Amino acid sequence: MAYLLFLIIAGTPSNFFILRRLMAELKRTPKDSVKAGFLLLKINLNISDLLLLLVALFKLIWIWIYNWPWGDLLCKGYAFSSLFSLYISSNIVVCIALDRLRNVLGASKLRKGKGANGSVVHWLLSGAWVLSIIWAIPQMFFWTTVEAYTDWYQCTTIWTIKQAMIDSKQATEADYGVLYGNEAQVIYNIYHLVLVFWGPLFVLITCYFIIALRLVKYSRNRPCHTNGIIRPEPTSNGLSGGMEQSLSLHQFETASTTVSVEPHCLARISTIRRSFDRFSDRGPSPNLRPNSRLGSSLPFARYFQRNGRSMDNIYARDDTTPPLKKVSKVSESSGTKAPAWRRQLRSKVFRTTLLVVIAHFVFWLPYNTLALMKYVSDDMYQALNENANIFKDMQLLIVLINPFLYGFAQ
C-alpha cells in the first residue's frame, strides 16, 4: 500500500506536467517532421503511464477496504482496464522501436517525403490502441465477482472461484466445463504473457539488431570516405570516364580537367575550405580553370603559392608523415563527419528511445519471469509468490522513470 501510494503521489503530477509540456511542444512543431512523430509517440506513452497510475489507484483502494463493493460490471471493467494499460504501454514501446527502425532504414526517403512521417506514426499508434483493446477483451469473460462469505465480495477469475469451491467441498471437477479447465487457464496465461511482454521483447530485440547491422554496414560503406574520392569527367588527358582517382589538394588545384564532385561530398569540401580560409585573402586560385565547378571553392590555395609550397607538403615541417595521409588527417579532423552508427548513438532521439526500451525491459522483466516460473517450477513459483509479491507491481515503477527519460531531459 505504501509503495502504491508513493507511485501515485510522485507519478501523477510529474506525468501530467510532462503531458502538458509535450502537447505545447507538439503545437510548435511542423506536423510532417520526424520530431512531430516522436512527440506523438512520447505523448501516447505518457497517456499509457497515466492509465497505469489510474489502475494503481483502484488497486490501492481495493487493498485498503479489502472488499469489492462495486458490483460485477466494474469488476470486469477493472480487469479489462488493468490488462489494457499493460498492453498499450508495451505496444507503444514497440511502436517507438519500429519508428526508430523505419527512420534508420529509410532516412533518405524520410527527408524527401512530405507528411509521410506523421501518417506512419499515426498508423502505428492506431494499431497499438486497437490491438490493445482487442487483446484485453477476454478479461471481460474470465473475471467476475463472488460472495466468498456473507457480505464479503471479491473480484477474481473464474478459475480461482472454481478452485475455492472444490477446496471447500462445495463442487467437484466434473461440475465445470472445458472453459474452467486447467488447460484453458494455461492457454490464457501464456496468451497474456506472450502479448504483454515476451512477444514485444522479441520484436524489440529484432528491431535493434537490424538497426545495429544497418548502422555498421552503412558506416563501412558510407559515402565521402576520409580519403576523399573525386570522380574526374572524361577528357583528352588520359582520364577515362567513371574511373575513381584519389587526388591530393595540390593535384586537385592544378588539374587540367573539369572536376565533378558528388553532391553529398560538397559539404565536406566546404568545411575543409573554411578551415583554411584564415590563411587566405579569399581570392580565387589562378591555376584553376574557370569552368571548374570548385574553382572558387579553394581560396586558400594562394597562401601556399605565395610561400612556394604545394598543398601536398603543407605539413612537411611538422613530421615525416606522407603528404596524402596528412591531407586525410585534415579531412578527418575538420570536414569528415563521424561514422553513421556513432552519429545515431549520439543523437538525442536514438538515446531517448533506447533508454525507454531498456527501462521497459528492466522493470517489466521480474513480474513476467515470476509468472512464467509457474510453468517451469511450481514450488519455486509458490515460494516467490508468497515472499516477493512486490515483483507483481514493480512494472508500475516505470511511471516514475519515463518522465525523466523523455520529458525532463528535454
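Bear in mind that the values here come from a model prediction, so they are computed numbers and not experimental data.

Considerations on the UniProt feature "transmembrane region" (unreviewed entry) in the protein chain
Then step 1. Here, UniProt's "transmembrane region" (unreviewed entry) annotation points to residues 6-23, 43-65, 77-99, 120-143, 190-213 and 349-370.
Then step 2. Measuring from the first to the last C-alpha atom of residues 77-99 gives 32 Å, for a span that is 100% helix and 0% strand.
Then step 3. Between the end C-alpha atoms of residues 190-213 the distance is 32 Å, and the span holds 100% helix and 0% strand.

Here's the deal with unusual backbone geometry
Then step 1. Phi is positive for aspartate 151, close to 60 degrees, though the residue is something other than glycine.
Then step 2. Here aspartate 151 lies in the loop between strand E1 (143-149) and strand E2 (152-157).
Then step 3. Unlike most non-glycine residues, lysine 169 shows phi in positive territory, near 65 degrees.
Then step 4. Relative to the helices and strands, lysine 169 resides in the loop between helix H7 (158-167) and helix H8 (182-220).

Considerations on the pairing of E1
Then step 1. Looking at chain direction, E1 and E2 are connected through 6 bridges and run antiparallel. Counted as the bridge partner of tyrosine 149 is tryptophan 152 from E2.
Then step 2. Two successive antiparallel strands, E1 and E2, enclose a turn made up of 2 residues, where aspartate 151 displays a positive phi of approximately 60 degrees.

Considerations on the pattern of salt bridges
Then step 1. Inspection of every chain in the model, using the stated rule, returns 4 salt bridges.
Then step 2. The salt bridge partner of arginine 102 is aspartate 99, with a shortest N-O separation of 2.7 Å. Of this pair, arginine 102 and aspartate 99 are both found in helix H3 (residues 71-105), 3 residues apart, which corresponds to roughly one turn of the helix.
Then step 3. Here arginine 102 falls in the partly exposed class, since its relative accessible area comes to 22%.
Then step 4. Glutamate 173 is the partner of lysine 162 in a salt bridge, and the nearest nitrogen-oxygen pair spans 2.6 Å. Placement of the pair is lysine 162 in helix H7 and glutamate 173 in the loop between H7 and H8, with a sequence separation of 11 residues.

Reading guide: rules and limits
- Residues numbered from 1 in each chain as written.
- Predicted model: local features only at pLDDT ≥ 70, side-chain atom pairs only at ≥ 80, totals over all residues.
- Heavy atoms only, no water.
- UniProt positions renumbered as here; feature names shortened; annotations may be inferred.
- Helix = DSSP H or I, 4+ residues; strand = E, 2+ residues; numbered from the N terminus.
- Pairing = 2+ DSSP bridges.
- Salt bridge = Lys/Arg side-chain N within 4 Å of Asp/Glu carboxyl O.
- Buried < 20%, exposed > 50% of the residue type's maximum accessible area, 1.4 Å probe, protein only.

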